[in-house]
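# Observations on the three-dimensional arrangement
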Amino acid sequence: MTLDEIKAKIGSGLLSFPVTDFDEAGEFDRDSYAGRLQWLSSFDASGLFAAGGTGEFFSIGYDEYDDVIRTAVSNSSANVPVLAGVGYGTRMAVDLARRAEKAGAAGILVLPHYLMFAEQEGIIAHMKAICDAVGIGVIYYARDNSRLAPDSLARLAELCPNLIGYKDGIGDLQLMVQVASRIGDRMVHIGGLPTAEVFAQPYLEMGVTTYSSAVFNFVPELALRFYRAIRQRDGATVQALLKSFYLPLIELRDKKRGYAVSMIKAGADIVGRPAGKVRSPLTELSADERETLAQLIAAHS
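Below is a summary of the structure that appears in this document. (Residues numbered from 1 in each chain as written. Predicted model: local features only at pLDDT ≥ 70, side-chain atom pairs only at ≥ 80, totals over all residues. Heavy atoms only, no water.)

### A short note on the overall build of the protein chain
When its secondary structure is counted, the protein chain shows twelve helices and eight strands. Radius of gyration (C-alpha) of the protein chain: 18 Å, near the 19 Å computed for a compact globule of 301 residues. Once the C-alpha set of the protein chain is aligned to its principal axes, its extents read approximately 50 × 45 × 35 Å. Looking at the protein chain as a whole, 56% of its 301 residues are labelled buried. Put simply, of all contacts in the protein chain between residues at least 6 apart along the chain, 71% involve residues at least 24 apart. (Helix = DSSP H or I, 4+ residues; strand = E, 2+ residues; numbered from the N terminus. Rg over C-alpha atoms; globule rule 2.2 N^0.38 Å. Buried < 20%, exposed > 50% of the residue type's maximum accessible area, 1.4 Å probe, protein only. Contact = heavy atoms within 4.5 Å.)

Right, here's the structure in full:
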């Protein structure tokens with residue numbers, strides 16, 4: 001796909017962020033992960049993000065990263081672009097970006113740089129180094145300590161032709177309006193907050209046509225039904241699913257730090273698609289919390 005085709009494809013539908021499979025010893029389970037990607041590819045997602053935040057990018061070793069991305073690429077539908085997570089400091093992010101490109105990824109998602117807060121010039125330099133290192137599409141993920149102002153983002157877009165996307169993990173509606181006004185359709189705009197569904201309605205009105213769905217990992221049909229309702233502006237269905245599923249899910253997610261990932265892996269296990277345990281420093285759901293999640297899933301199956 002060309003960069004324009006990748007951008008258009010990503011913006012045309014729901015985005016899937018698969019969990020990464022680990023075996024009982026905590027090692028990367030290639031066969032289980034391959035089966036997961038094949039299953040998820042059977043649903044109508046417009047992009048699959050390997051080793052993203054939900055995929056525990058932060059806990060995947062250098063000795064595993066290439067294998068994770070290659071496995072995702074070789075087990076996904078040919079018409080669905082696979083984008084790989086990269087991050088940490090500039091040199092490490094550049095190296096990972098090159099590895100992702102060599103492994104066949106159609107693009108990369110740049111997660112926030114490690115630890116330090118930085119000035120706008122520093123973040124621009126960091127992103128430009130990554131964009132310059134590869135020929136594939138690059139998506140900037142705004143969240144935590146990586147926040148570009150609209151003018152800085154516009155400048156970066158001028159410097160980097162392969163910067164194709166802006167993913168929002170901040171949730172500042174005023175900022176999103178400013179970004180949408182300043183950037184327009186130069187980039188595809190992606191909703192990227194935990195449980196992004198709750199922001200999907202207002203975001204759509206400002207041109208954000210897609211978002212990352214973590215629940216796609218265990219209730220893909222429901223995730224797609226909600227996405228279609230959003231795009232069709234079917235308010236009744238949207239409100240019903242928010243009230244009965246997404247808001248109770250958020251209440252569970254917010255019980256402990258890290259549950260935005262742990263809860264998704266637990267959901268995958270509950271529906272018979274186990275991916276192993278999360279790696280430390282994340283922790284597992286309690287038995288009572290798993291039961292709450294299982295009842296919520298059963299009520300919507």
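### Some words on the sheet that holds strand E3 (residues 82–86)
If you trace the eight strands once around the closed barrel, you get E1-E2-E3-E4-E5-E6-E7-E8, paired in parallel fashion. The sheet shows a mean angle of 30° between the axes of neighbouring strands, direction not considered. Where strand E5 (residues 137–142) lies against strand E6 (residues 163–168), five bridges are found, and the strand directions are parallel. Bridge pairing in E6 places tyrosine 140 opposite tyrosine 166. Across the sheet, helix H9 (residues 220–231) lies against strand E1 (14–16) and strand E8 (210–213), angled at about 160° from E8, the strand it touches most. (Pairing = 2+ DSSP bridges. Axes fitted to C-alpha atoms, helices over the stretch in contact; angles between N-to-C directions.)

### Overview of the packing of helix H5 (residues 120–133) against helix H6 (residues 150–159)
Relative to each other, H5 and H6 sit at 30°, their axes nearing to 10 Å. By the criterion of interaxial angle, the relationship of H5 to H6 is roughly parallel. By crossing handedness, the relation of H5 to H6 is classed as right-handed. Facing Gln120, Glu121, Ile124, Met127 and Lys128 of H5, the residues of H6 in contact are Ser152, Arg155, Leu156 and Leu159. (Parallel < 35°, antiparallel > 145°, perpendicular 65-115°, else oblique. Left-handed = near helix turned anticlockwise from the far one by under 90°.)

### A few points about the environment of leucine 3
Looking at the element boundaries, leucine 3 is found in helix H1 (residues 3–10). For leucine 3, a relative accessible area of 26% gives the class partly exposed. In this structure, leucine 3 is in contact with Gly135, Ile136, Gly137, Pro161, Asn162 and Ile164, ignoring residues within four places of it in sequence.

### Let's talk about unusual backbone geometry
For the bond running from serine 280 to proline 281, omega is 15°, close enough to zero to count as cis. Mapped onto the fold, proline 281 is located in the loop between helix H11 (259–270) and helix H12 (287–298). Within the chain, alanine 51 stands out as a residue other than glycine whose phi angle is a positive 55°. Structurally, alanine 51 is set in the loop between strand E2 (45–50) and helix H3 (62–74). Its identity as a non-glycine residue notwithstanding, threonine 195 has a phi of 50°, on the positive side. For threonine 195, the position within the fold is in the loop between strand E7 (188–191) and helix H8 (200–205). With a relative accessible area of 11%, threonine 195 lands in the buried category.

### Points about the packing of helix H2 (residues 30–41) against H3
As a packed pair, H2 and H3 sit with axes 9 Å apart at the nearest point and diverge in direction by 35°. For the element pair H2 and H3, the recorded crossing hand is right-handed. Seen from H2, the contacting residues are Arg30, Tyr33, Ala34 and Leu37; seen from H3, they are Asp67, Val68, Thr71 and Ala72. Residues that form the contact of H2 with H3 fall into these classes: five nonpolar, one polar and two charged. (Nonpolar A, V, L, I, M, F, W, Y, C, P; charged D, E, K, R; others polar.)

### Things to note about the nonpolar core
Tyr65 and Ile108 are the most contacted members of the largest nonpolar core, which totals 106 residues. Not counting chain neighbours up to four residues away, the residues in contact with isoleucine 108 comprise Leu83, Ala84, Val86, Ala97, Ala100, Ile130, Val134, Ile136, Gly137, Val138 and Ile139. (Core = buried A, V, L, I, M, F, W, Y, C linked by side-chain atoms within 4.5 Å.)

### Focus: the pairing of E8
Both faces of E8 are covered, namely the face carrying Thr210 and Ser212 and the face carrying Tyr211 and Ser213. Direction of pairing for E1 relative to E8: parallel, over a ladder of two bridges. If you follow leucine 15 over to E8, its bridge partner there is serine 212. Inspection of the sheet shows E7 paired to E8 by two bridges, in the parallel sense.

### Digging into the pattern of salt bridges
This model, assessed by the stated rule, comprises 13 salt bridges. Note that arginine 30 and aspartate 67 form a salt bridge whose closest N and O atoms lie 2.6 Å from each other. Note that arginine 30 is positioned in helix H2 and aspartate 67 in helix H3, a separation of 37 residues in sequence. Owing to a relative accessible area of 44%, arginine 30 belongs among the partly exposed residues under this scheme. One salt bridge in this structure joins aspartate 66 and arginine 99, with 2.8 Å as the shortest N-O distance. Taken together, the residues aspartate 66 in helix H3 and arginine 99 in helix H4 (residues 90–102) connect sequence positions 33 residues apart. (Salt bridge = Lys/Arg side-chain N within 4 Å of Asp/Glu carboxyl O.)

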